[in-house]
Amino acid sequence: MATASPLPLTPFATCDFCDVHKGDTSGAFRVLPPVFQSFGSVAAFAGPVTTVKCHEDNTQVKAAVESAGEGRVLVVDGGGSLRRALVGGNLAAAAARNGWAGIVVDGCVRDVAELNAEAVGIRALALMPLPTERRGEGQRDVAVSIQGVPVRPGDWLYADADGIVVSAQPLHG
């Protein structure tokens, strides 16, 4: 059953968050490296994190985006693999239809024209036209490492034109 699109958040700027939290040594505020490309028709997105950990098998990614997103951000730990696309046009359409705010993939995506037509924010390392093999592998809602940065279910992720930040607590308000 599809859910409504998430309500828009108060406008935010990742640079402003970094200015406020630049001295944070607790690990509660983290910045992802500037290696992600932007796809999807939503330029800035934010929400509570849910995760998938998988390697060249998007079975769990598909299951996640086909469930109610409720304004959450799906963070996919694909191990940085550049050999298979973990998200394509069909999964982006499912994410938009089911109310996901965004998807961040530590790996590749495909179907760029279809991705860019969907009302969901997407960040990924690169484009790769080769799809995954679905072997039923992967884990959901586990702590992951995205480009060496820890991301946990329940964290908040904020992505805009300047970058991606992750926080243990919501930063907007």
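Predicted model only: the values in this text are computed from it and were never measured. (Residues numbered from 1 in each chain as written. Predicted model: local features only at pLDDT ≥ 70, side-chain atom pairs only at ≥ 80, totals over all residues. Heavy atoms only, no water.)

J.: How would you sum up the environment of Leu-130? Please name residues and give values.
T.: By secondary structure assignment, the location of Leu-130 is in the loop between β7 (121-127) and β8 (139-140). For Leu-130, a relative accessible area of 39% corresponds to the partly exposed category. Between the C-alpha atom of Leu-130 and that of Arg-83, which follows or precedes it by 47 residues, the distance is 7.4 Å. Setting aside residues up to four positions removed in sequence, Leu-130 forms contacts with Arg-83, Arg-84, Ala-85 and Arg-110. (Helix = DSSP H or I, 4+ residues; strand = E, 2+ residues; numbered from the N terminus. Buried < 20%, exposed > 50% of the residue type's maximum accessible area, 1.4 Å probe, protein only. Contact = heavy atoms within 4.5 Å.)

J.: Now, about helix α3 (residues 89-97): what can you tell me, with residues and values included?
T.: The element α3 is largely enclosed, with a buried count of seven among its nine residues. Every buried residue of α3 is accounted for by Gly-89, Leu-91, Ala-92, Ala-93, Ala-94, Ala-95 and Ala-96. Against the buried residues of α3 lie α2 (59-65), β5 (85-87), β6 (102-109), α4 (112-117) and β7. Residue Gly-99 follows α3 closely and has a positive phi angle near 85°.

J.: An account of the side chain of Asp-77 is needed here, citing residue identities and associated values.
T.: Note that Asp-77 resides in strand β4 (residues 73-77). Here Asp-77 sits buried without a salt bridge, and the closest side chain of opposite charge, Lys-53, lies 4.4 Å off (N-O distance). A distance of 2.9 Å separates a polar atom in the side chain of Asp-77 from the backbone nitrogen of Gly-79. Residues within four places of Asp-77 in sequence aside, it is in contact with Val-52, Lys-53, Cys-54, Asp-106, Val-144, Ser-145 and Ile-146. (Lys, Arg positive; Asp, Glu negative; His and termini not counted. Salt bridge = Lys/Arg side-chain N within 4 Å of Asp/Glu carboxyl O. Polar contact = N/O pair within 3.5 Å; in protein donor to acceptor, adjacent residues only side chain to side chain.)

J.: Could you give an account of the confidence of the model for the protein chain, naming the residues involved and the relevant values?
T.: Mean pLDDT over the protein chain works out to 94, with 94% of the residues at or above the 70 mark. Note that pLDDT drops below 50 for residues 1-7; the model gives that stretch 15 contacts with residues more than four away or on any other chain. (pLDDT = per-residue confidence, 0-100.)

J.: So what about the pattern of salt bridges? Which residues, and what values?
T.: Working definition: two side chains of opposite charge can pair if their charged atoms are close together. Counted according to the given criterion, the structure contains seven salt bridges. Linking Glu-133 and Arg-84 is a salt bridge whose minimum nitrogen-to-oxygen distance equals 3.7 Å. Residue Glu-133 is found in the loop between β7 and β8, and its partner Arg-84 is found in the loop between β4 and β5; the two are separated by 49 residues along the sequence. A salt bridge links Arg-135 to Glu-137; the shortest N-O distance between them is 3.2 Å. One network of salt bridges, with partners in common, ties together Arg-30, Arg-152 and Asp-155.

J.: Go over the packing of aromatic side chains, please, and point to the residues and values.
T.: Taken as a whole and judged by the stated rule, the model has four aromatic pairs. Considering the side-chain rings of Phe-12 and Tyr-158, the 5.2 Å spacing of their centres and the 75° angle between planes classify their relative orientation as edge-to-face. Placement of the pair is Phe-12 in the segment before α1 (14-21) and Tyr-158 in strand β11 (residues 156-160), with a sequence separation of 146 residues. This pair shows no difference in class: Phe-12 is buried, exactly as Tyr-158 is. Taken together, a centroid distance of 4.8 Å and an interplanar angle of 65° make the contact between Phe-17 and Tyr-158 edge-to-face. Of the two residues, Phe-17 is situated in helix α1 and Tyr-158 in strand β11; the sequence distance between them amounts to 141 residues. The exposure classification of Phe-17 matches that of Tyr-158, with both residues buried. One aromatic cluster is present, formed by Phe-12, Phe-17, Trp-156 and Tyr-158 through successive ring pairs. (Phe/Tyr/Trp six-rings, centres within 6.5 Å; stacked < 30°, edge-to-face > 60°.)

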